[in-house]
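Descriptive analysis of the structure
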Amino acid sequence: MDAESYQQTVDQLAPKRPVLKNCLKAFLTGGIICAIGQIVSFVYMYFFNFTERTASNPSVATMVFFAMLLTGFGIYKKIGQFGGAGSAVPVTGFGNAVISAAIEHKSEGFILGVGVNMFKLAGPVIVYGVFSAFVVALIKTILVKMGVISW
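Reference entry: report on the structure contained in this document. Remember, it's a predicted structure, so these values are computed and weren't measured experimentally.

The next point concerns the overall build of the protein. Secondary structure assignment for the protein yields seven helices and zero strands. In the protein, the succession of α and β elements from N to C terminus is α-α-α-α-α-α-α. Computed over its C-alpha atoms, the radius of gyration of the protein comes to 21 Å, more than 25% above the 15 Å expected for a compact globule of 151 residues. Overall, the C-alpha framework of the protein stretches about 65 × 50 × 35 Å when taken along its three principal axes. Burial statistics for the protein: of 151 residues in total, 23% are counted as buried. Partitioning the intrachain contacts of the protein with sequence separation of at least 6 by distance along the chain shows that 51% fall at a separation of at least 24. Working note: accessible area of the protein is about 11,300 Å², and carbon and sulfur atoms make up 72% of it. Considering the protein, the positive charge centre built from 11 side chains and the negative charge centre built from 6 side chains are found 15 Å apart.

Structure, rendered in structure tokens:
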């Protein structure tokens, strides 16, 4: 059997992936997470007199905290298995990634286990997030100075 006929046989026998179903589940999961985030933001605006702009930071921190709690109780894993990328793309996926690494390596100790491994994934995310924010701010500043856009 040559490589081409083998590949055809594999393609025929391989189970078909439910792409549309997976996309719908990811969309619903991400949408529910974002709706909960919006509710958290409204709570900060209504009860603590934050503005729409100032409520964003505590809302993000609260959502990351919720994700960490749910990960610690083993619930976020089930959400991720159901929703796939819908649970990983929002900021809650960042909280899940950080705490998952910490839980996985807690037997190695707090410093060399939790402290070192917690930021294996979170470190690059933070570095590239800060760098991307710098680049976008630099581009915006240049465009404002040139008069292309107004602030």
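Once the structure has been displayed, the description carries forward.
Where helix 2 (residues 19–47) contacts helix 3 (residues 56–72), the axes come no closer than 9 Å and their chain directions differ by 130°. Considering their axes alone, helix 2 and helix 3 lie oblique with respect to each other. Note that helix 2 runs across helix 3; the crossing there is right-handed. Mapping the contact onto sequence places Ile33, Ile36, Gly37, Val40, Ser41 and Tyr44 in helix 2 and Pro58, Ser59, Thr62, Met63 and Phe66 in helix 3. A per-class count over the contact of helix 2 with helix 3 returns seven nonpolar, four polar and no charged.

Take the environment of Leu70 next. In this fold, Leu70 is placed in helix 3. Spatially, the C-alpha atoms of Leu70 and Thr92 are 9.9 Å apart, while their sequence positions differ by 22 residues.

Let us look at the side chain of Thr62. Among the structural elements, Thr62 can be located in helix 3. Within the local environment of Thr62, its side chain forms a polar contact with the backbone oxygen of Pro58, the two atoms lying 2.7 Å apart. Aside from chain neighbours lying at most four places away, what touches Thr62 is Val40 and Tyr44.

Looking now at the packing of helix 3 against helix 6 (residues 91–104). Interhelical geometry of helix 3 versus helix 6 gives an angle of 40° and a closest axis separation of 8 Å. One element, helix 3, and the other, helix 6, form an angle in the oblique class. The two elements helix 3 and helix 6 cross, and the hand of that crossing is right-handed. Along the contact surface, helix 3 presents Val60, Met63, Val64, Ala67, Met68, Thr71 and Gly72, while helix 6 presents Val91, Thr92, Gly95, Asn96, Val98, Ile99, Ser100 and Ile103. Here the residues of the contact of helix 3 with helix 6 sort into nine nonpolar, six polar and no charged.

Rules used in this analysis
- Residues numbered from 1 in each chain as written.
- Predicted model: local features only at pLDDT ≥ 70, side-chain atom pairs only at ≥ 80, totals over all residues.
- Heavy atoms only, no water.
- Helix = DSSP H or I, 4+ residues; strand = E, 2+ residues; numbered from the N terminus.
- Rg over C-alpha atoms; globule rule 2.2 N^0.38 Å.
- Buried < 20%, exposed > 50% of the residue type's maximum accessible area, 1.4 Å probe, protein only.
- Contact = heavy atoms within 4.5 Å.
- Areas by Shrake-Rupley, 256 points an atom, 1.4 Å probe, with all protein chains shown as cover.
- Lys, Arg positive; Asp, Glu negative; His and termini not counted.
- Charge placed at Lys NZ, Arg CZ, Asp CG, Glu CD.
- Axes fitted to C-alpha atoms, helices over the stretch in contact; angles between N-to-C directions.
- Parallel < 35°, antiparallel > 145°, perpendicular 65-115°, else oblique.
- Left-handed = near helix turned anticlockwise from the far one by under 90°.
- Nonpolar A, V, L, I, M, F, W, Y, C, P; charged D, E, K, R; others polar.
- Polar contact = N/O pair within 3.5 Å; in protein donor to acceptor, adjacent residues only side chain to side chain.

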